[in-house]
Every structure is written in C-alpha cells, then in structure tokens.
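Structural characterization, general
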Amino acid sequence: GFNKKFAKWARAPPFLCINFVVQDLNEENGAMRIVPGTQDMTDIGYPETTEHQNSRLCPVLAGSALIRDVRTHHGGTPNFTTKTRFLIHRVGIH
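The structure contained in this document is the topic of the report that follows. (Residues numbered from 1 in each chain as written. Predicted model: local features only at pLDDT ≥ 70, side-chain atom pairs only at ≥ 80, totals over all residues. Heavy atoms only, no water.)

Quick look at the environment of leucine 66 now. Mapped onto the elements, leucine 66 comes out in strand β4 (residues 65-69). Distance from leucine 66 to isoleucine 18, taken between C-alpha atoms, is 5.6 Å for residues 48 residues apart in sequence. Ignoring anything within four residues of it in the chain, the contact list for leucine 66 reads Cys17, Ile18, Asn19, Val21, Met32 and Val60. (Helix = DSSP H or I, 4+ residues; strand = E, 2+ residues; numbered from the N terminus. Contact = heavy atoms within 4.5 Å.)

Spelled out as structure tokens, the structure:
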C-alpha cells in the first residue's frame with residue numbers, strides 16, 4: 001500500500017529523501033510505486049482511486065539512488081520472490 005505517514009507534511013516546504021538501492025528492484029521483488037504530482041497537494045487528504053491508477057512503478061538497478069520529495073505518495077509493491085528486499089533511506093535533507 002501507499003505510505004501515508006508523511007501526510008502531516010502536505011503543506012511543508014520541499015523535503016527530500018534519498019533511497020539507496022542495494023539490489024535491483026523490479027516488478028518481481030517489490031519496486032517502489034509513486035503517484036506523480038501528489039507532492040503539490042495542498043490538503044492532507046490521500047489520492048483518490050483514479051490518482052492511484054496513475055501511479056508509476058520505479059524499477060531501478062543496484063547502485064542507483066532514488067531522490068524524491070517525501071510529500072509524494074509512495075509505497076512498496078509485493079515481493080513475489082523468496083529473497084528479502086532491502087531499500088536504505090536517508091531523510092532530512094532540506
């Protein structure tokens with residue numbers, strides 16, 4: 001599901017998170033999914049179903065970094081493999 005814990009920052013200035021990718025992430029092992037444009041929402045509500053349908057899968061290769069605004073609605077996808085998926089992050093860059 002989509003991560004709603006940052007909803008309290010909906011009216012906050014841009015606030016970045018860096019996710020360090022230590023293994024390939026794809027549709028099989030739980031790549032991140034984002035809803036483009038939700039970082040610009042001015043209310044604290046959550047995206048409607050149609051906005052979730054506009055979400056984008058973010059497959060990336062190991063050694064990459066995902067830099068994103070924490071206000072962007074995001075979430076992991078199911079991991080259909082037998083291996084644990086790791087995604088290291090650093091929050092708090094203004």
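The next subject is the sheet that holds strand β5 (residues 74-76). Read across the sheet, three strands follow the order β3-β2-β5 without closing on themselves; strand pairing throughout is antiparallel. Only two strands of the sheet have a single partner each, and these edge strands are β3 (56-58) and β5. On average, each strand axis in the sheet is inclined to that of its neighbour by 30°, with strand direction left out of account. In the sheet, strand β2 (residues 32-34) pairs with β5 via three bridges, with the strands oriented antiparallel. Bridge pairing links methionine 32 to glycine 76 in β5. (Pairing = 2+ DSSP bridges. Axes fitted to C-alpha atoms, helices over the stretch in contact; angles between N-to-C directions.)

This part is about the nonpolar core. Core analysis: the biggest nonpolar cluster contains six residues, these being Val21, Leu25, Ala31, Met32, Val60 and Leu66. Contact partners of alanine 31, with chain neighbours within four places excluded, come to Leu25, Asn26, Leu57, Cys58, Pro59, Gly75, Gly76 and Thr77. (Core = buried A, V, L, I, M, F, W, Y, C linked by side-chain atoms within 4.5 Å. Buried < 20%, exposed > 50% of the residue type's maximum accessible area, 1.4 Å probe, protein only.)

Okay, the side chain of arginine 68 next. Within the fold, arginine 68 resides in strand β4. Aspartate 69 provides the closest opposite charge to the buried, salt-bridge-free arginine 68, at an N-O distance of 7.2 Å. At a separation of 3.0 Å, a polar atom in the side chain of arginine 68 contacts the side chain of asparagine 19. Within the local environment of arginine 68, its side chain forms a polar contact with the side chain of histidine 74, the two groups lying 3.4 Å apart. (Lys, Arg positive; Asp, Glu negative; His and termini not counted. Salt bridge = Lys/Arg side-chain N within 4 Å of Asp/Glu carboxyl O. Polar contact = N/O pair within 3.5 Å; in protein donor to acceptor, adjacent residues only side chain to side chain.)

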